[in-house]
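# Coordinate inspection notes
Chain residues, written in single-letter form:
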Amino acid sequence: MRPVLSVTSECAPLVKTGGLADVAGALPAAVSLAGWEMRTLLPGYPQVMDRVKLKQPLLSETDLFGGTGVIRPGTGGGLDVLVLDAPHLFDRSGAPYLDAEGEDWPDNPERFAALSWMAARIAAEGAGSWRPETLHCHDWQAGFAPVYLQALGASAGSVFTIHNMAFHGLAPATRRAALRLPAEGFTQDGFEFWNQVSSLKAGITWSNKVTTVSPTYARELMRTEFGMGLDGVLRNRSDDFVGILNGIDTVAWDPSTDPHIQTYKSPKGKARMKKELRKEFGLGDSAGPLCIVVSRLSDQKGLDLLVDALPVLVDRGGQLALLGTGDRRIEARLRAVAAAHPSVSVHIEYDEAKSHRMMAGADAILIPSRFEPCGLTQLYALRYGTVPVVAYTGGLVDTVINASPAAIRSGVATGIQFHPVTVDGLARGLFQLLELYSDKKVWSRMQTNAMRSEVGWSASAVQYAELYDQVAPGS
Ligand code: ADP
Ligand code: GLC
């Protein structure tokens, strides 16, 4: 087995705010089947320190951006981890990136520069006898690692994965030297972005290979509409840039063994799960489809479009059960909609077990995202025979087979893709959902197809393994 270090700010089941954690948590088992032994470098947040059985430190640095930081190996949540124990940076209550008021911690650039720096030191010096040939760096939080590899003269290769282009990891130019970044890198071809330092851009320009989490998002990112100012930078790297589709953990999300739900082996078992789900959300009986949303509440997810298109669904017997947290304004708007419509119920909270029950009991999942690098909830839904109604964008394009007349005739459709991603487009998608749902034969065929969709990691893990090999020294 060849050694690879995954550098990430979150990793399920230890710490999670979104899909990045699911992916980072699933990758080690996935790539091990392709010959790579992955360890995961994580910040020592309180929840990580609590859940990992830690051993003695392997590497330390006395002045790591204002205090001592040590690397401690350990195991937790079924993973081999290396934890950056640096209380001055990570021993803080609340979510990983935000303070009690929901604002970014002002020293986020330094906190994740520290993570990236220690990743490069592990590559340069090893952690005990273990020394990675390749670093797999995730999102802006690990973007400086390839720059530091060069600064420390480490020979390890680097793969940088963009999970979400919306987060640039910006810092004022005045902090460049304190962030241990070379002056000559502060150019348009380097990590300078509109006179600030961008760790996302650093990752894109310094790493040996760049990936993102679906082939369609890779193509979108090279266009101005989606590139968020870095489309040109990605076009320059197009020879080294590839989209590799996310998978899901098909053991944790298996309808026949899922401990969060009563076992059911076919869409027929849904009837009972649906009844319970309606009860849990305080919804009455209805002949129309029970739709769900499980989502971070941010502009990306397009839930304002859903609010405006909702009458199409609820006026015709459809229902909506929504689980989500995030932007306070979006939360308030959704609560108001639920108060006004008896067929809409909104739970503003984060609840993993409930999300499983929802996937199992619903007829359809609604994902009206304005952009979606990959998206995981449509993959969970497919597995549970819950039909996805998705915006035609990013990974949603690559994972759902649209119910066009031809796809229905050939019996291959797994969901509905609506286009354009507007209120009218979504309203048409919802209308189509109601029509398909009323044709029991077509609907049950779609559910069966959905459950047969290939949503695991095997193909993508092989693609990552090939990249790790290509960038490793001596390859
Ligand atoms: P993103 O990473 O953009 O949030 P993904 O679809 O890739 O979108 O991943 C979101 C992950 O977070 C999924 O595992 C989803 O089930 C989970 N999730 C989001 N909101 C909630 C919630 N309120 N309760 C439980 N799980 C949630
Ligand atoms: C990001 C994206 C989401 C993707 C996840 C994991 O948070 O918004 O689409 O599935 O990362 O790659």
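As a starting point, this report considers the structure included with it. (Residues numbered from 1 in each chain as written. Chains lettered and ligands numbered in written order. Predicted model: local features only at pLDDT ≥ 70, side-chain atom pairs only at ≥ 80, totals over all residues. Heavy atoms only, no water.)

### Some details on the packing of aromatic side chains
Using the criterion set out here, one finds 13 aromatic pairs in the structure. The interplanar angle of 80° and the centroid separation of 5.8 Å between the aromatic rings of Tyr 45 and Phe 90 together place this pair among those described as edge-to-face. Of this pair, Tyr 45 sits in the loop between β2 (36–43) and α2 (46–51) while Phe 90 sits in helix α3 (residues 87–90), placing them 45 residues apart in sequence. Comparing Tyr 45 with Phe 90 shows no difference in burial state: the two are buried. Pairing Trp 253 with Tyr 380 gives two aromatic rings, centres 3.7 Å apart and planes at 15°, and the pair type is stacked. Here the residue Trp 253 occupies a position in the loop between β13 (241–243) and α10 (270–280), and Tyr 380 occupies one in helix α14 (residues 377–383), the gap between them amounting to 127 residues. What makes Tyr 380 buried here is its relative accessible area of 6%. (Phe/Tyr/Trp six-rings, centres within 6.5 Å; stacked < 30°, edge-to-face > 60°. Helix = DSSP H or I, 4+ residues; strand = E, 2+ residues; numbered from the N terminus. Buried < 20%, exposed > 50% of the residue type's maximum accessible area, 1.4 Å probe, protein only.)

### Notes on the sheet that holds strand β9 (residues 170–172)
The strands making up a sheet associate through backbone hydrogen bonding, with each pair oriented either parallel or antiparallel. A sheet is described by the order of its strands in space; here 3 strands give the open sequence β9-β11-β10, paired in antiparallel fashion. Strands at the two margins of the open sheet, each flanked by one partner only, are β9 and β10 (192–193). Against the sheet, helix α6 (residues 199–206) engages β10 and β11 (196–198), with an angle of about 55° to β11. (Pairing = 2+ DSSP bridges. Contact = heavy atoms within 4.5 Å. Axes fitted to C-alpha atoms, helices over the stretch in contact; angles between N-to-C directions.)

### Some details on the site of ligand 2
As a structural note, the neighbourhood of ligand 2 is formed by 14 residues, with His 163, Asn 246, Glu 372, Cys 374 and Gly 375 the closest of them. The separation between an oxygen atom of ligand 2 and a polar side-chain atom of Glu 372 is 2.5 Å. Contacts to ligand 2 include Gly 375, whose backbone N or O atom sits 2.8 Å from an oxygen atom. In the complex, the protein chains occlude 93% of the 310 Å² of accessible area that ligand 2 would expose alone. At 3 residues, the largest contribution of residues to the shell around ligand 2 is made by helix α1 (residues 19–32). Split by residue class, the shell around ligand 2 holds 6 nonpolar, 6 polar and 2 charged. (Near = heavy atom within 4 Å. Polar contact = N/O pair within 3.5 Å; in protein donor to acceptor, adjacent residues only side chain to side chain. Areas by Shrake-Rupley, 256 points an atom, 1.4 Å probe, with all protein chains shown as cover. Nonpolar A, V, L, I, M, F, W, Y, C, P; charged D, E, K, R; others polar.)

### Focus: the site of ligand 1
In the vicinity of ligand 1 lie 21 residues, with Lys 16, Gly 19, Arg 296, Lys 301 and Glu 349 positioned nearest. Measuring from an oxygen atom of ligand 1, one finds a side-chain N or O atom of Lys 16 at 2.9 Å. Gly 19 is positioned with one of its backbone polar atoms (N or O) 2.6 Å from an oxygen atom of ligand 1. The protein chains hide 93% of the 560 Å² of surface that ligand 1 would expose on its own. For the shell around ligand 1, the elements supplying multiple residues, two or more each, are α1, β14 (290–297), β15 (319–326), α13 (352–361) and α14. Per element, the largest residue contribution to the shell around ligand 1 is 3 residues, and it comes from β14. Taken together, the residues of the shell around ligand 1 break down into 5 nonpolar, 8 polar and 8 charged.

### Some thoughts on the packing of helix α11 (residues 303–314) against helix α12 (residues 328–340)
Between α11 and α12, the shortest axis-to-axis distance is 10 Å and the interhelical angle comes to 15°. Between α11 and α12, the crossing angle belongs to the class labelled roughly parallel. For the pair α11 and α12, the sense of crossing is left-handed. Facing Asp 304, Val 307, Asp 308 and Leu 310 of α11, the residues of α12 in contact are Arg 333, Leu 334 and Val 337. Classifying every residue of the contact of α11 with α12 by side-chain character gives 4 nonpolar, no polar and 3 charged. (Parallel < 35°, antiparallel > 145°, perpendicular 65-115°, else oblique. Left-handed = near helix turned anticlockwise from the far one by under 90°.)

### Examining the pairing of strand β18 (residues 387–391)
The side chains of a regular strand alternate between both faces of the sheet. Within β18, 5 of the 5 residues are buried, which leaves it mostly tucked inside the rest of the structure. Burial of the side chains of β18 extends over both faces: Val 387, Val 389 and Ala 391 are buried on one face and Pro 388 and Val 390 on the other. As judged from the 4 bridges shared by strand β17 (residues 364–367) and β18, these two strands associate in the parallel manner. Bridge assignment links Ile 365 to a residue of β18, and that residue is Pro 388. The parallel pair β17 and β18, bridged by α14, forms a crossover whose chirality is right-handed. Pairing of β18 with strand β19 (residues 416–418) involves 3 bridges; the strand directions are parallel. Bridge pairing links Ala 391 to Phe 418 in β19. (Right-handed = clockwise from strand over helix to strand, strands pointing away.)

### Side note on the pairing of β15
Counting buried residues along β15, 6 of its 8 residues qualify, which places the element largely inside the surrounding structure. For the crossover that starts at β14, traverses α11 and ends in the parallel β15, the hand is right-handed. The sheet contact formed by β15 and strand β16 (residues 344–348) spans 5 bridges and is parallel. Note on β16: the bridge partner recorded for Leu 320 is Val 344. Each parallel crossover has a hand, and for β15 linked through α12 to β16 it is right-handed.

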